[in-house]
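Structural overview
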Amino acid sequence: MKVISALLLVGVFWSQELKSASSDSIIHIGAIFDESARKDDEVFRLAIADLNLNNEILETEKITFSVEFVDGNNPFQAVQEACELMNRGILALVSSIGCMSAGSLQTLADAMHIPHLLIQRSPAGTPRSDCSPTSRFPGTDDYTLMVRPPVYLNEVIMQVVSEYSWQKFILFYDSEFDIRGIEDFLDRTSQQGMDVSLQKVESNINMMITSLFRTMRVEELHRYRDTLRRAVLFMSPATAKAFITEVVETNLVAFDCHWILINEEISDYDLQELVMKSIGRLTLVRQTFPMPQNTTQRCVKHNHRINTSLCDLKNPKAQQLEISNRYIYDSVLLLANTFHRKLEDRKWHSMASLSCIRKNSKPWQGGKSMLDTVKKFGVSGLTSFLEFTDNGTNPNIFFEILGTNYGEDRGRGVSRLATWDPVHGLNGTLTDRKLENNMRGVVLRVVTVLEEPFVMVSENVLGKPKKYQGYSIDVLDALSNYLGFKYEIYVAPDHKYGSLQPDGQWNGLMGELVFKRADVGLSALTITSERESAVDFTTRYMDYSVGVLLRKAERTVDMFACLAPFDLSLWACIAGTVLLVGILVYLLNWLNPPRLPMGPVSSTTLYNSMWFVYGSFVQQGGEVPYTTLATRMMMGVWWMFALIVISSYTANLAAFLTISRIENSIQSLQDLSKQTDLPYGTVLDSAVYDQVRSKSMNPFERDPMYSQMWRMINRTGGGDNNVEESKEGIRKVKYGRFGFVWDAAVLEYVANNDEDCLFYTVSSNAPDRGYGIAMQHGSPYRDIFSQRILELQQNGDMDILKLKWWPKDSPCDLYSSLQTKQHGNALDIHSFAGVFCVLAAGVVLSCLIAMVESWWSRRKGSRVPSKETQADGPSARQAADPCPHNPNEHPLALGGQTQNQNPNTANTTAPTSTHYQPPACCDIPCALIVQHSYEPTNPSKHPPKMRMTTFTTSPPTPRTIRRSTWNTYTAGLTACAPMMKAPTSSSPPLPSI
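Here the residue numbering is sequential within each chain, running from 1 through the sequence in written order. This being a predicted model, a pLDDT of at least 70 is required before a residue's local features are given, and a value of 80 or more before pairs of side-chain atoms are given or counted; all residues contribute to the totals for chains, interfaces and linings. Side-chain descriptors were evaluated using all non-hydrogen atoms of the structure, hydrogens and water having been removed beforehand.

With that out of the way, let us pick up the pattern of salt bridges. For this analysis, a salt bridge means a side-chain nitrogen from Lys or Arg found within 4 Å of a carboxyl oxygen belonging to Asp or Glu. Under the defined criterion, the tally for this structure stands at 23 salt bridges. Ionic pairing is found between R148 and E264, a salt bridge with its closest N-O pair at 3.1 Å. Taken as a pair, R148 in the loop between β5 (144–146) and α5 (153–163) and E264 in the loop between β9 (258–262) and α10 (268–277) lie far apart in primary sequence, 116 residues in all. Relative accessible area serves as the criterion here: at 4%, R148 is assigned to the buried category. Between buried and exposed lies partly exposed: a residue is buried under 20% and exposed over 50% of the maximum accessible area for its type, with that area taken using a 1.4 Å probe on protein chains only. On the basis of relative accessible area, E264 is assigned to the buried category, the value being 2%. The salt bridge involving R286 is made with E400; its shortest N-O contact spans 2.6 Å. Numbering of helices and strands runs from the N terminus; a helix is a DSSP stretch of H or I covering at least four residues, while a strand is a stretch of E covering at least two.

As structure tokens, this is what we get:
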């Protein structure tokens, strides 16, 4: 019976093929398929055969068809074949083709008004990317209906990696995939701070993997292995199977890896093969179609029965159906139902022979009506339910997320983890399942080397095992608490990390592992190619870089830091400006003396002018008020100048006193390598020693830094500048001139915890390797340790452990060569030492000047005899009271005479002049001060009481009298001391004017 059914089916195919060319049926469908879509053609023909056997849909009418195959990368050929189909007369066009030719067919369908059902096809089964929108004229209808839903791969994979809490992974894509399809995903991962690497998988995967091993160094391969622990694959199932097989066979991945493969086209057969070939955990994301489990319900849809070879899950042909095959069948079924409704409505439009070549060819008049009918109704088929929105897209799409558990066993079970659709999003919970705690009851023997802060002795009680602490110990405790093992720890006998000896044997910590005396090696142990050739390492738990420990320079005291805001030349200009302005003020007052007095006025000497200009510059005011317009203008400009200078000085002084600007001679390893004054070295035969030596001898190393460092480190065979232990190198830095090159993490801890903050560190910016836990070669614990370390890093627990030993709020500044602690920006006495020195110098100079003035006044007073004493002689009253008179009792001269003079002489034209000097009894060493009073010549114009008073040490000159408007002159004595005798008539007169 099966043979007869097959023969009947073949007969139907041949009859339909012949009928497509010769029948006069009114229903004709055209199809254009990619050359690689032979299976689409088979399903297309099978669907038409099923419908022609169904009398409930088309009744007596039958569907005829024409099929053309084209090169998917040749749009011109696609348009040419489509024009040929339209010339034959078709009601609709079905195409299964890629984006390159789809745009041309879309434009042609819009122009000729032919409904076009497009099933987008990706090349070689790679994941789909959205086709670029086709530009059309405004107001024209879109006659192309996108049968396959829009591409939602970006949204699905973004939610999956977010649920897994991945922060760092690598994304592989095959050569046929259009990487522009994941631009949105990469943008969103970048916005969320995820570290995503991209790598293209070439068609020759074996050659690609071989080139990796040939071009990468060992440490680079280890980093690459760490990256492969989390990966997303955008590739076809065939490429994914070949790629997974290759990386598993070359040991690039371990059973703790987790990979995600996303592709709409993953069949059940592909799924089983992928699980068989992979190790670790595998998550697969594929498109699914919700269908009833009952075969009858799956195959019978409304008024149509689907061929059992396509709907029965037990049928091998149904299991290997591609997604495009399903959409091809449903597209034909949808068109058949559309034709059925058009026939029932009696709104049938006959087919017209359309020509794409003629200029005046008109589009099909029934195209719009046919298109609206197709978009108005849907159909249930192999894709669950096919319908279109107003913009011509299919909104129905569902994804299922399948996954396996961690393990090395091949053929592990696959379970559905969650589903996704555009309306509800993710339905289910995704968690990156942890490894089982399968190390309970295991006791590991751990060998270590003491190295602060990785491993240190915390308690050493006689008769009891030593207790250890440190960063590496904290990591080991975290692994022990999670995995359930216990450990015994001891120090390597020779206290060394170990190196390969001339006899080919390892010593130190490495030797303990090689000779199977220890299970785990733990300390500040870096992963190197030489070490990894002898033992196995877990993934790095901390980055490593080379640094140098240096002693901070002694802080130099700048006593005159207060002068730092201005340059020496600027200070000289300011001093010269003070002198120049003082001289100008004096000259202006001398050329144009003030006419109207304003209160008591001092003499405008050069000394007073200088003093007033200086006082106003330092904002302390002045003694001499100048009233002339020129002087006021000059002083106004000067005050503005002084305000700007003082404000600038004040603002700049704050910055100079609070910011330390010390030029550091060694700021990087490059600076260290270029100088030869400061010797430096490292631990002999250590990993740092070998690293500098190997890089200095590498002819491809472009940076000459390591060769220069090696010349210093290897001076005299390495005996002068190298040490046996790291503690010895730290002591040499602290008590001598030496730079210690060592692990940057160790040096930062030493500098952080120094009580006097004597050290600072300089290190390379980019870490080139990492710290790992060493195990015996082939240890079964390596992968499970690595997995747990990755989990600690992803959860942030590793950062918390690191902050315990390298806190951010360190009391010492690790990167400044200034020997000081970070206690804010408070100013100290050193910043103002120069100011106090200037003040002390001023006090001493003032005292010296006062002593000289006192000595000079006493000496001058002893040489000048008292004239009053010579004329009258001392009386008995003067003997009893040497200075009995009060200064307020001094007679005031009015109208040219004093109170002791004769009143009859008051109206003399010439003023009466009287000269006074201090009595001998007062013995005051000060100059004689004479008060000059001027009264107006015409009292009717000026009030008689108005007087102008000046103080001078000599009588007025005739020039002074002539330039004034006063002609009445009277002289009187003012006190130059607390007690002064009144003038007498015997005092010599002032010179006549």
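Text resumes after the structure shown.
Any Phe, Tyr or Trp ring, taking Trp's six-membered ring, that has another such ring centre within 6.5 Å forms a pair; planes under 30 degrees apart are called stacked, those over 60 apart edge-to-face, and the others tilted. Considering all chains together, one arrives at 25 aromatic pairs under this definition. Ring plane angle 90° and centroid distance 5.8 Å describe the contact between F44 and F65, whose orientation is recorded as edge-to-face. Remark: F65 occurs in strand β2 (residues 63–70) and F44 occurs in helix α2 (residues 38–52); sequence separation between them is 21 residues. Comparing F44 with F65 shows no difference in burial state: the two are buried. Their ring planes at 75° and their centres at 5.7 Å tell us that W571 and Y649 sit as a pair that is edge-to-face. Placement of the pair is W571 in helix α19 (residues 568–591) and Y649 in helix α21 (residues 629–658), with a sequence separation of 78 residues. Judged by relative accessible area, which is 27%, W571 ranks as partly exposed.

Turning next to the sheet that holds strand β28 (residues 759–763). One requirement defines pairing of two strands: DSSP has to find at least two bridges between them. One open sheet accounts for four strands, arranged β26-β27-β25-β28; its pairing is mixed. In this open sheet, the two strands that pair with only one neighbour each are β26 (680–681) and β28. Where strand β25 (residues 546–551) meets strand β27 (residues 739–743), four bridges bridge the pair, whose relative direction is antiparallel. Within β27, the position partnered with V548 by the bridge is V741. The strands touched by helix α26 (residues 744–752) are β25, β27 and β28; relative to β27, the strand with the most contacts, the crossing angle is about 120°. Any two residues whose heavy atoms approach within 4.5 Å are treated as being in contact. Orientation is described by lines fitted to C-alpha atoms, with helices fitted over the stretch in contact, and by angles between N-to-C directions that extend from 0 to 180 degrees.

Whenever a pair of cysteine sulfur atoms sits within 2.5 Å, that pair is classed as a disulfide. A full pass over the atoms with the stated rule returns three disulfides. Here C83 is linked by a disulfide to C356, with a sulfur-sulfur distance of 2.5 Å. Between C83 and C356, the disulfide has an S-S torsion of -105° and is therefore left-handed. A residue pair is termed long-range when its members are at least 10 positions apart, and C83 in helix α3 (residues 75–88) and C356 in the loop between α14 (323–344) and α15 (367–376) qualify at 273 residues. Between the sulfur of C299 and that of C311 lies a disulfide, 1.8 Å long from S to S. Judged by the torsion about the S-S bond (100°), the C299/C311 disulfide is right-handed.

With that settled, consider a negative patch on the surface. Distance thresholds for patches are 9 Å for like charges and 5 Å for nonpolar side chains (Val, Leu, Ile, Met, Phe, Trp, Tyr), applied to residues having over 30% relative accessible area and no salt bridge. We get accessible surface area from the Shrake-Rupley algorithm with a probe of 1.4 Å; when it comes to residues, only the shown protein chains can shield them. Neither His nor the chain ends contribute to the count of charged residues, in which Lys and Arg are positive and Asp and Glu negative. Charged groups are reduced to one reference atom each: NZ for lysine, CZ for arginine, CG for aspartic acid, CD for glutamic acid. A cluster of acidic side chains, namely D685, E724, E725 and E728, defines a negative patch on the protein surface. Following the sequence through the fold, E725 ends up in the loop between α24 (705–713) and α25 (726–735). We classify E725 as partly exposed; its relative accessible area is 43%.

Attention shifts here to α3. To estimate the expected span of a helix, count its residues, drop one, and scale the result by 1.5 Å. The first and last C-alpha atoms of α3 sit 20 Å apart over 14 residues, in line with the 20 Å expected at 1.5 Å per residue. Of all the positions in α3, only Q77, A78, E81, A82, C83, L85 and M86 are classed as buried. The secondary structure elements touched by the buried residues of α3 are β1 (27–34), β2, β3 (92–97) and α4 (99–112). A positive phi of about 95° marks G89, the residue just after α3.

Turning our eyes to something else, we now look at the UniProt feature "site: Interaction with the cone snail toxin Con-ikot-ikot" (unreviewed entry) in the protein. UniProt positions are given in the numbering used here, feature names are shortened, and annotations may be inferred rather than shown by experiment. Under the present numbering, the feature "site: Interaction with the cone snail toxin Con-ikot-ikot" (unreviewed entry) in UniProt falls on R693. Secondary-structure assignment places R693 in helix α23 (residues 687–696).

A separate point is the pairing of strand β16 (residues 415–421). In this structure, strand β15 (residues 398–403) lies alongside β16, joined through five bridges in antiparallel fashion. Counted as the bridge partner of I401 is A418 from β16. Inspection of the sheet shows β16 paired to strand β17 (residues 425–428) by four bridges, in the antiparallel sense. Looking at the pairing, D421 lines up with G425 of β17. Linking β16 to β17, which pair antiparallel, is a turn of three residues.

On to the pairing of strand β18 (residues 443–448), then. Pairing of β18 with strand β21 (residues 486–491), which is carried by six bridges, proceeds in the parallel orientation. Bridge pairing in β21 places V446 opposite I489. Across three bridges, β18 lies against strand β22 (residues 520–522) in parallel orientation. Bridge assignment links V447 to a residue of β22, and that residue is G521.

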